[in-house]
Amino acid sequence: MREYYQGDKGENARKEKKAVSLTNLIANLKELKLEFYVNTKNEPVVFLPDSPFEKYWPAVHDRVASYICTVYYDLSEGGHIKPSDFTALLYLLKEECYKGGRRLTEIESPEAEKEPIIQALLCYLNRYDSFEGMTATLLNKLSEQEIARKITGFENFPVLTNIFSRRLNRLKPVLRGLGIEADIWHEEDGSHCKVKRMSDFRVESDAFTRQSSGIASVAIPIKGKDFHPTDGSDEKARFDDINDEMLCCDGKMCESNDVIPQNDLKPNSKIGGME
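Residues numbered from 1 in each chain as written. Predicted model: local features only at pLDDT ≥ 70, side-chain atom pairs only at ≥ 80, totals over all residues. Heavy atoms only, no water.

(A) Broad picture of the pattern of salt bridges. Summed over all chains, the structure comprises three salt bridges. The closest approach of N and O atoms between Glu96 and Lys30, which form a salt bridge, is 2.7 Å. With a gap of 66 residues between them, Glu96 in helix H3 (residues 83-99) and Lys30 in helix H1 (residues 22-31) connect regions that are remote in the sequence. When its relative accessible area of 42% is taken as the criterion, Lys30 is described as partly exposed. (Salt bridge = Lys/Arg side-chain N within 4 Å of Asp/Glu carboxyl O. Helix = DSSP H or I, 4+ residues; strand = E, 2+ residues; numbered from the N terminus. Buried < 20%, exposed > 50% of the residue type's maximum accessible area, 1.4 Å probe, protein only.)

(B) Spotlight on the packing of aromatic side chains. All told, the structure shown has five aromatic pairs when counted by the stated rule. Between Phe47 and Tyr56, the aromatic rings sit 5.0 Å apart at their centres with planes inclined by 45 degrees, giving tilted as the arrangement. Overall, the relative accessible area of 32% leaves Tyr56 in the partly exposed class. With 6.4 Å between their ring centres and 40 degrees between their planes, Phe157 and Phe164 make a pair best called tilted. Looking at Phe157, the relative accessible area reads 6%, which means it is buried. (Phe/Tyr/Trp six-rings, centres within 6.5 Å; stacked < 30°, edge-to-face > 60°.)

(C) Region of the structure containing the sheet that holds strand E1 (residues 35-38). Strands sit in the order E1-E2-E3 across an open sheet of three strands; the sheet is antiparallel. Where the open sheet ends on each side, the last strands, each with one partner, are E1 and strand E3 (56-58). Adjacent strand axes in the sheet meet at a mean angle of 30 degrees when their direction is disregarded. Bridge count between E1 and strand E2 (residues 44-47): four bridges; the pairing is antiparallel. Bridging from a neighbouring strand, Glu35 pairs with Phe47 of E2. Relative to E1, H3 is tilted by about 75 degrees, and along the sheet it contacts E1 and E2. (Pairing = 2+ DSSP bridges. Axes fitted to C-alpha atoms, helices over the stretch in contact; angles between N-to-C directions. Contact = heavy atoms within 4.5 Å.)

(D) Structural context of the packing of H1 against H3. Orientation of H1 relative to H3, taken along the N-to-C sense of each, is 45 degrees, at an axis distance of 10 Å. Here H3 runs oblique to H1, going by the angle between their axes. Note that H1 runs across H3; the crossing there is right-handed. The segment H1 lies against H3, with Leu22, Leu25, Ile26, Leu29 and Lys30 engaging Asp85, Ala88, Leu89, Leu92, Leu93 and Glu96. A breakdown of the residues in the contact of H1 with H3 according to their chemical character gives eight nonpolar, no polar and three charged. (Parallel < 35°, antiparallel > 145°, perpendicular 65-115°, else oblique. Left-handed = near helix turned anticlockwise from the far one by under 90°. Nonpolar A, V, L, I, M, F, W, Y, C, P; charged D, E, K, R; others polar.)

(E) Representation of the nonpolar core in the model. In this structure, Leu121, Leu138, Leu142, Phe164 and Leu175 are the most contacted members of the largest nonpolar core, which totals 26 residues. Where this core is concerned, the elements lending two or more residues are helix H5 (116-125), helix H6 (135-142), helix H8 (161-170), helix H9 (172-177), strand E5 (180-187) and strand E6 (190-197). By residue number, the principal contributor to this core is H5, which donates seven residues. Excluding anything up to four places from it in sequence, Leu121 contacts Leu138, Leu142, Leu168, Leu175, Ile180 and Val195. Val20, Leu29, Tyr67 and Cys97 belong to the second-largest nonpolar core, a separate cluster that totals 21 residues. (Core = buried A, V, L, I, M, F, W, Y, C linked by side-chain atoms within 4.5 Å.)

(F) Highlighting the side chain of Asn39. Note that Asn39 resides in the loop between E1 and E2. Owing to a relative accessible area of 9%, Asn39 belongs among the buried residues under this scheme. A polar atom in the side chain of Asn39 sits 2.9 Å from the backbone nitrogen of Glu43. (Polar contact = N/O pair within 3.5 Å; in protein donor to acceptor, adjacent residues only side chain to side chain.)

Quick look at the structure:
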């Protein structure tokens, strides 16, 4: 007769699950440095310090629920929150957020306005609806002079693709608030990303075409060829070119390196082809 293995029958064969109250669960979450508050729209928000990229989540989001279930599982040594307790847990989380007070959202933070990646994406998406492709390609497009000259603090713009990718991932919550959906992933040939306008994205028609006040003017050497003829208001006679031939006071041609005394010039003399 075949015998089946029935497992260890010792004292460690089966551990009884510990009962963890919901209030104790909230207290343990605070010990894990979770923060609870409401944003300027009075929406409950939970800060998850161990989250790899996005750290600020709505209290009702599945990301918060999965995190809390994991903590509860560890505290209870294998237990699970009953579905009937989730409603009570949600109200407890919201109450903690209301007690935590109101904070500025990331979009309203002064630092968001200074972030060059945000400025560059806003400028780019004012002209184009979306971009999808290699992350390095997007980085090159955002670094072009036409966009770079409009960005404050462009000297802090990342030049390496991996740094750009990490910063873009961290900025996704802020970009969503500005009407930009961003996603990034990796394939065999490298990092890929997608950015596109959302329905609440506000297009500024002159954001891409507006000229910066810091552009240097272009020098155009005209050498006086378009000057009007001299008149009595001119203090000195003007020359098109110092090497041009000139007529002396006696009407004869002079070489350009000859010096004509100012007192020898006659009112009707022709100088450099001008009367």
